[in-house]
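# Geometric and topological summary
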Amino acid sequence: MPGRLKAKIVAGRHLPVMDRASDLTDAFVEVKFGNTTFKTDVYPKSLNPQWNSEWFKFEVDDEDLQDEPLQITVLDHDTYSANDAIGKVYIDIDPLLCSEAATVISGWLPIYDTIHGIRGEINVLVKVDLFNDLNRFRQSSCGVKFFCTTSIPRCYRAIMVHGFVEELVVNEDPEYQWIDRIRTPRASNEARQRLIFLMSGELQRKIGLKVLEMGGNAVVGYLQCFDLEGESGLVVRAIGTACTLEKMSTFPATATHPNNSSPSKDMKEPGFGEEAPGVPLSSGPPTPLRAQTFSSFSPSKSYSRQSSSSDTELSLTPKTVGHLCHFCMIPPSPFCVFQEYPFFTLTIFPPGFLLHVGGVVSARSVKLLDRIHNPDEPETRDAWWEEIRQEIKSHAKALGCHAVVGYSESTSICEEVCILSASGTAAILSSRFMQDGPLDTEHRLSQFEEVVSPGCGFCHIPYDELNIPFPAQLTYCYCCRRYKVPDVLFTTIDLPTEANVTGKGCLIQARLCRTKKKAQGEGNAMAISNLLPFLEYELHTQLMNKLKLRGMNALFGLRIQISVGETMLLGLASATGVYLTALPSPGGIQIAGKTPSDITYEQHISNMQKKINDTITKNKEQYEINPPEVVEEIIGSPIPEPRQRSRLFRSHSESSDEVSEIDLSHGKKDAFVLEIDDTDAVEDIHALLTDSPTPAGNTSMFTSVRVFRLNANLTNQGLNKIFSDLCENLLKSLYFKLRSMVPCCLCHLNFTVAIPEDELIQVAVTAVAMSFDKEQTLENGKRSGEKTLIKAITENDEQLQFNLEPCLVSSTPFFLFSLLFLSTPLSFPLALLLSTASSMEKASPLPEGRSRSLRSNRSYSGSSVAVVKMTPLSFIPGAKIIKYLGIINMFFIRETSSLREEGGVSGFLHTFIAEVFAMVRAHVAALGGNAVVSYSMKECVFMENPNKNQAQCLINVSGDAVIFVRESELELTSVQPQSATTQTSNGGEGT
Amino acid sequence: MSMELDVFVGNTTVLDQDVYQLWLDGHTVSDAVRIRMEAGALQECEANAEVLHSDTTDQFRTFQMCERLLQSPSKVANQLLFQIPPHRQTMLIERYYEFDSVFAREVLGKKLSKGTKKDLDDISSKTGIALKSCRRQFDNFKRVFKVVEELKGPLVENIQRHFLLSDVLARDYAAIVFFANSRFEAGKRKLQYLSFQDFAFCAGQLISYWTVGAVDNMMEDLDVDLEKDFLHDLKDLKVLVNDKDMLDQHKSLVCAQLRGKIKVFSEMEANFKNLSRALVNIASKLTHTKDFRDLFIDLVEKLIEPCRSDKWTIGDLRLFLKHYSSSVHMLEAFRHQVIWDRYMSVIKSCILKMYHD
């Protein structure tokens, strides 16, 4: 009996009227945990009942504490008929199980009903007494901390990074059980909500166990997803990075994990969260096994593999596990902690951790879903992901890298077809954080590394330049002049803080829509598999062109999302483009005509060319990209624009043998005329948002959702245009909405595309807008000195990144291409892609909520509701996070059968999203927090049936609840309070 | 191809004050888009009509969702659905309860019942205020009236406490409640020249000096009702006109004071008895509901119009009323000085407020 859960029901307010006759409610509350239920007394005839109950005590195993939510149901007592439910509150107990997180949950929580939405609030108190459990074979993992943040949380330092953890659990979806035919929609929704709560609790517990086994005490970059597979079940899966973390305040720390060595070593090893300037870097020496690895790139091989596996699973993934199992490129010892997959879900690293970046690696696989027969052993799903991870691993290896960072996984499901995607950035990491002390020293000695300037080191190629796995143009690094760098770098990670960047960053987005024939089962899966490489190739081409148009040479936070629908495939790639000082200046874009004889056509082309060149010049000015003039002293120095074309050819021809199949498409690319989309994109209005990066004052997070319906028969071009316009318009809308915050920048823009129904495209965007408060900047600059200012600016650089979904990486376009072709037959005729579908759907971008943070909580003390900020970033600008209270992971379903009365689909969804925000805020406030960082809306599934006046929506959100303190409040205690007080009196007036 | 769904939700609710005003004014989305375009919204941020339409629709929906809360403003501060900074909450509430005085003038003195609601169409076409906006304003009046009707204590404070309005706005609402409660006649043709602000001022005077609450603010009933005893006592003032001696004495006292000070002295002298009779008669008849409701029409017909036809200036009238009321103190036979002052001070300021074209 290792735990006692105590709950007390204090009061309710704003309850709905349940008794029409008296306009009042006789409310009481049921408190349920596991199979135990307690009830309060009925508080008659009140909409603001004061129950003030006793403490209800549940004595439970800590395993249950982790799995089960506390379920509070508010009911209306009815003497003659059944009691009516008013609504429910699910409380995740997990934050209370860790000594360093929250200690009590106390506050007003919205009472939620899946049909009526929020119906009043209830004030509860929840506590947990944990007893020490010495049982080694326990099934619980209480005390393991979870963070959604994809960097080492700000008030911790990492003693050790253990590596990748993953788990998935499956179950039948209650919505598809036979009983659903006879129960009410409410009962069905509640069964689903409860099941998902249980499953995510279980998942977290299991991951926690794995972490404990590895000797860690925390999971960072925890990413949990749901796959609603319909008939075939419900999958909840999660990945994360196991770490051993230590509170920063306790420095110098004594060892907190068994593997750790002496305190003295701790002292000399700076933690993740700290500054560690100029640490010696080590990298793996080039491996002799390169050639062998490389052979797996042969398309013919992958082709045969695929055909052999095309039975029920059409896999894009080559099952080339055999020779890739070991990391032979590096001394094995430091990486024994890596487990099977050297993957890291982190995107921001402590200085000195990330040595070299190879490029984006990604893998996709198309599967046919079948019923999960035995939920306890979800082997199929595990095996699917296994394959993908193996492929990622082999791709990374081909790039001469031993690790994958910024790793993420996603799925897209349409009927019985499911696309699994994984992507990350191949990299070489310092072993410092991954091994024991003695090994560390030894290893370091064994390495023949010199100190490399941290500003460019990560750009240096990790692979052997004589044996490049793909055609690339290498030059000597423009910073240190000693190592080779590629001409373009794509990554899924955030821009390292120490990187040397010229000018400003901006959002780069590639959008693509491809029609596909309606098909069933295997045929459908096959069609999708065949389409995918082309889709990715075009996305990549678009990204490259747009990058060049802006005069930039690197992408960070690249996220490629591919969505599948009945009749089309959608691809959306977004990333932050920057100009890395270390990389060569990008070449221009050359347009080649197909019919050079025609003079007017030539004229047109040259006009276009001029327009493009002008745009590049303009963009360079706008983003302040003025790379220093370089004395041409090195081989492979950047080639001036007019020679770009020939350069492309050259690099192509260099790539000779393995990639020969690519030649065709390569040649095609060379003659690629910029599409209208691309030229349009030139006129992107980012100027507004990328204005003057100075410390941010206000932040504002929002969600916006759009759904577009296409009803015409469109060609791919038409469709593309519409999709592209949709995204453009969405962005324009955002700029317009946020115009009052200018100067501001839009950060962590997270697009999610989906094809919810046959003719609909849905796009959701989550982002945070940060405005730069000029006064505050000045004040900070003056008061807290330059250090703050500089720090803030670095943070801003990070903010400029727009992180999008899963993606591919490559250091050049061709690499990406070769990756893709690995798993699909090259011979597939392009013409097939162009087959038109009779009906298409288009969804509009669905931006997710954005939270606007107020300048100061204190200034609004007049309000009785605590202000809770939400941000998709891992930090709050101008503020210091002093405590992490635990993970927030909530799942809600909302359904209506009076859609018109609730304002149509927009009104319905608007209300629902607002309610979700409200519930997240209330739960954070109840934990004692004042912000959610690393917030994301993982799932937003919307279905409607206008004929029946019905709609249903599922939303899953997650984030880290934190307490933050404004830096201004910490440092400027004398000045700030005054202004804050003034504000209070103003703000409080009349309320 | 069409936009099926378009939603934008901020963690902190995003509100545009200009759009809020358009919504309050009862414009449709397309009207509002047109107005914003004319106001130059497109110049900002390279917006296009589509963007503007989407933004407007979104804002309107947000306001609609907030409306339920705004109808019981005390809930706005402790609701959880919308995170709105307090100063914005105040703005939302204040603006929601603001009304067009032209509209209020039309409704003044009418019963705030459903029957009247049908007249809203007429008011709307007469004033040019959108029907939707009329509805909102009328419902606000009714809601405030209903809540305050049941409460004890000072009217203005009650309104402020329950609806979180500014002092100025709360006073205007008090006037509306007072008129609706007392059912003063305000719609007659002869009263058309009076604005809402004129009436609101008079109502304020009446509330401050003649009501139950003016004497004892712990009274159990709504302090909107006039003090019965006071009205009854006003009958005693009749002696001023019924007693011939007293009337003559009063006249000579006033004339002595005003001689040479006002231009219309002769007219005043000739008319004194009529004017005095009018003032006292109005006072003595206030106990009758019918006469009480006609207070303002009586003031106009019996006092203001005669003076106006004799071309009194406002200065003349002010001097006259001042001395008219103060001279009574010199009448030794008159024993109702307190009642007289309480009556005259209010009547004087009302008349002066109402004395314009």
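Quick caveat, the model's predicted, so the values are computed rather than measured.

### A word on the overall build of chain A
Helices and strands together make up the secondary structure of chain A, namely 20 helices and 31 strands. Within chain A, residue pairs in contact and separated by at least 24 positions form 81% of the contacts whose partners lie at least 6 positions apart. Taken as a whole, chain A presents about 34,500 Å² of accessible surface, with 52% of it coming from carbon and sulfur.

### Here's the deal with the overall build of chain B
Of regular secondary structure, chain B possesses 20 helices and 1 strand. With respect to the principal axes defined by its C-alpha atoms, chain B has extents near 90 × 45 × 35 Å. For chain B, the residues scored as buried account for 54% of the 357 residues in total. Taking all contacts inside chain B whose residues are at least 6 apart in sequence as the whole, residues at least 24 apart take part in 71%. Between the centroid of the 49 positive side chains of chain B and the centroid of its 52 negative side chains there is a distance of 5 Å.

### Let's talk about empty space enclosed by the protein
All names here are of chain A. A volume near 170 Å³ is recorded for the largest cavity. Those elements that place two or more of their residues in the lining of the largest cavity are β9 (145–146) and β29 (879–896). Here the lining of the largest cavity takes 4 residues from β29, the largest share from any one element.

### Re the environment of A:Glu728
Relative to the elements of secondary structure, A:Glu728 occurs in helix α13 (residues 716–737). Between the C-alpha atom of A:Glu728 and that of A:Arg921, which follows or precedes it by 193 residues, the distance is 31 Å.

### Brief notes about the packing of helix α18 (residues 904–926) of chain A against helix α3 (residues 49–70) of chain B
Following both chains from N to C, one finds α18(A) and α3(B) inclined at 65°, their axes separated by 11 Å at the closest point. Like other packed secondary-structure pairs, α18(A) and α3(B) cross with a definite hand, here right-handed. Contact residues: α18(A) offers A:Ser906, A:Gly907, A:His910, A:Thr911 and A:Ala914, while α3(B) offers B:Asp58, B:Arg61, B:Thr62 and B:Met65. Taken together, the residues of the contact of α18(A) with α3(B) sort by class into 2 nonpolar, 5 polar and 2 charged.

### Side note on unusual backbone geometry
Residues and elements named next belong to chain A. One non-glycine residue, Asn-52, lies in the positive phi region at around 45°. On the secondary structure map, Asn-52 appears in the loop between β3 (36–39) and β4 (56–60). Among the residues examined, Asn-52 registers a relative accessible area of 52% and is labelled exposed. Located in the positive-phi region is Ser-934, a residue other than glycine, with phi close to 50°. With respect to the helices, strands and loops of the structure, Ser-934 is situated in strand β30 (residues 931–945).

### Here's the deal with the packing of aromatic side chains
By convention here, two paired aromatic rings are described through the distance between centres and the angle between planes. All names here are of chain B. With the rule as written, the count across this model stands at 43 aromatic pairs over all chains. Both rings, one in Phe-334 and one in Trp-340, keep their centres 6.4 Å apart while their planes meet at 85°; by these two values the pair is edge-to-face. Overall, Phe-334 belongs to the buried group, its relative accessible area being 3%. One aromatic cluster is present, formed by Tyr-20, Trp-23, Phe-63, Tyr-96, Tyr-97, Phe-99, Phe-103, Phe-141, Phe-163, Tyr-173 and Phe-196 through successive ring pairs.

### Quick look at the confidence of the model for chain B
In the predicted model, chain B carries a mean pLDDT of 85, and 94% of its residues have values of at least 70. For this predicted complex, the interface confidence comes out at an ipTM of 0.86, alongside a pTM of 0.79.

### Focus on the sheet that holds strand β10 (residues 156–171) of chain A
All names here are of chain A. Taken together, 4 strands build an open sheet; the order of strands is β9-β11-β12-β10 and the sheet is mixed. Because the sheet does not close on itself, it has two edges, and the strands there are β9 and β10. Of the strand pairs in this sheet, strand β11 (residues 218–228) and strand β12 (residues 234–247) are connected by 9 bridges, and their pairing is antiparallel. Residue pairing in the sheet places Leu-223 in a bridge with Ile-239 of β12. Across the sheet, helix α2 (residues 185–214) lies against β9, β10, β11 and β12, angled at about 135° from β10, the strand it touches most.

### Quick notes on the side chain of A:Asn217
Residues and elements named next belong to chain A. When you line up the elements, Asn-217 lands in the loop between α2 and β11. What makes Asn-217 buried here is its relative accessible area of 17%. Non-local contacts of Asn-217, meaning those with residues more than four positions away in its chain, are made with Gly-143, Val-144, Lys-145, Val-211, Cys-243, Thr-244 and Leu-245.

### Observations concerning the sheet that holds strand β22 (residues 568–580) of chain A
Residue and element names in this part refer to chain A. Taking strand neighbours across the sheet as the criterion, the 4 strands line up as β19-β21-β22-β20 in an open arrangement whose pairing is mixed. Only two strands of the sheet have a single neighbouring strand rather than two, namely β19 (489–490) and β20 (501–515). This element, helix α8 (residues 521–549), spans β19, β20, β21 (554–564) and β22 of the sheet and lies at about 150° to β20.

### Considerations on helix α2 (residues 29–38) of chain B
Residue and element names in this part refer to chain B. Listed in full, the buried residues belonging to α2 are Ala-32, Val-33 and Arg-36. An end-on view of α2 places all buried positions within 100° of arc, on one side of the element. Taken from the residues just after α2, Gly-40 is the one with a positive phi, measuring 90°.

### Some words on a nonpolar patch on the surface
Taken together, the side chains of A:Trp178, A:Ile179 and A:Ile182 make up a nonpolar region of the molecular surface, amounting to roughly 370 Å² of accessible area. Looking at where A:Trp178 falls in the secondary structure, it is placed in the loop between β10 and α2.

### Side note on the pattern of salt bridges
Pairs can form between side chains of opposite charge once their charged atoms are near each other. Residue and element names in this part refer to chain A. All told, the structure shown has 37 salt bridges over all chains when counted by the stated rule. Put simply, Lys-206 and Glu-202 hold a salt bridge, and the shortest N to O gap is 3.0 Å. Of this pair, Lys-206 and Glu-202 are both found in helix α2, 4 residues apart, which corresponds to roughly one turn of the helix. Since its relative accessible area comes to 27%, Lys-206 is described here as partly exposed. Look at Glu-202 and you get partly exposed, because its relative accessible area is 24%. Note that Arg-381 is salt-bridged to Glu-229, the shortest N-O span being 2.6 Å. Separated by 152 residues along the polypeptide, Arg-381 in helix α6 (residues 379–398) and Glu-229 in the loop between β11 and β12 bring together distant segments of the chain. Within this structure, Glu-166, Glu-167, Lys-210, Arg-389 and Glu-409 form a network of salt bridges that share partners.

### As for the nonpolar core
In this structure, A:Leu70, A:Ile93, B:Phe320 and B:Tyr343 are the most contacted members of the largest nonpolar core, which totals 193 residues. In terms of residue count, α18(A) provides more of this core than any other element does, 14 residues in total. With near-sequence residues (within four places) excluded, A:Leu70 lies in contact with A:Leu5, A:Ala7, A:Val31, A:Lys32, A:Phe33, A:Phe58, A:Val89, A:Tyr90, A:Ile91, A:Ile93 and A:Val126.

### Some points on the side chain of B:Thr62
Mapped onto the secondary structure, B:Thr62 falls in helix α3. Every residue in contact with B:Thr62, bar those within four places of it in the chain, is listed here: A:His910, B:Thr13 and B:Leu15.

### Things to note about the confidence of the model for chain A
Residues and elements named next belong to chain A. Averaged over all residues, the pLDDT of chain A equals 68, while 62% of them reach at least 70. Mean pLDDT values over the elements of chain A span from 21, in helix α16 (residues 813–823), up to 94, in strand β2 (residues 27–33). Contacts from residues 250–338, a stretch scored under 50 in pLDDT, to residues over four places away or in other chains number 214 contacts. Below pLDDT 50 for its whole length, residues 435–452 participates in 35 contacts with residues either more than four positions away or in separate chains.

The rules behind each value
Residues numbered from 1 in each chain as written. Chains lettered and ligands numbered in written order. Predicted model: local features only at pLDDT ≥ 70, side-chain atom pairs only at ≥ 80, totals over all residues. Heavy atoms only, no water. Helix = DSSP H or I, 4+ residues; strand = E, 2+ residues; numbered from the N terminus. Contact = heavy atoms within 4.5 Å. Areas by Shrake-Rupley, 256 points an atom, 1.4 Å probe, with all protein chains shown as cover. Buried < 20%, exposed > 50% of the residue type's maximum accessible area, 1.4 Å probe, protein only. Lys, Arg positive; Asp, Glu negative; His and termini not counted. Charge placed at Lys NZ, Arg CZ, Asp CG, Glu CD. 1 Å grid on protein atoms, 1.4 Å probe; cavity = no way out; pocket = protein on both sides within 12 Å on 5 of 7 lines; lining within 4 Å. Points joined across faces, edges and corners; volume = space filled by probe spheres on them. Axes fitted to C-alpha atoms, helices over the stretch in contact; angles between N-to-C directions. Left-handed = near helix turned anticlockwise from the far one by under 90°. Nonpolar A, V, L, I, M, F, W, Y, C, P; charged D, E, K, R; others polar. Phe/Tyr/Trp six-rings, centres within 6.5 Å; stacked < 30°, edge-to-face > 60°. pLDDT = per-residue confidence, 0-100. Pairing = 2+ DSSP bridges. Arc of directions from axis to C-beta. Patch = residues over 30% accessible without salt bridge, like charges linked within 9 Å, V, L, I, M, F, W, Y side chains within 5 Å. Salt bridge = Lys/Arg side-chain N within 4 Å of Asp/Glu carboxyl O. Core = buried A, V, L, I, M, F, W, Y, C linked by side-chain atoms within 4.5 Å.

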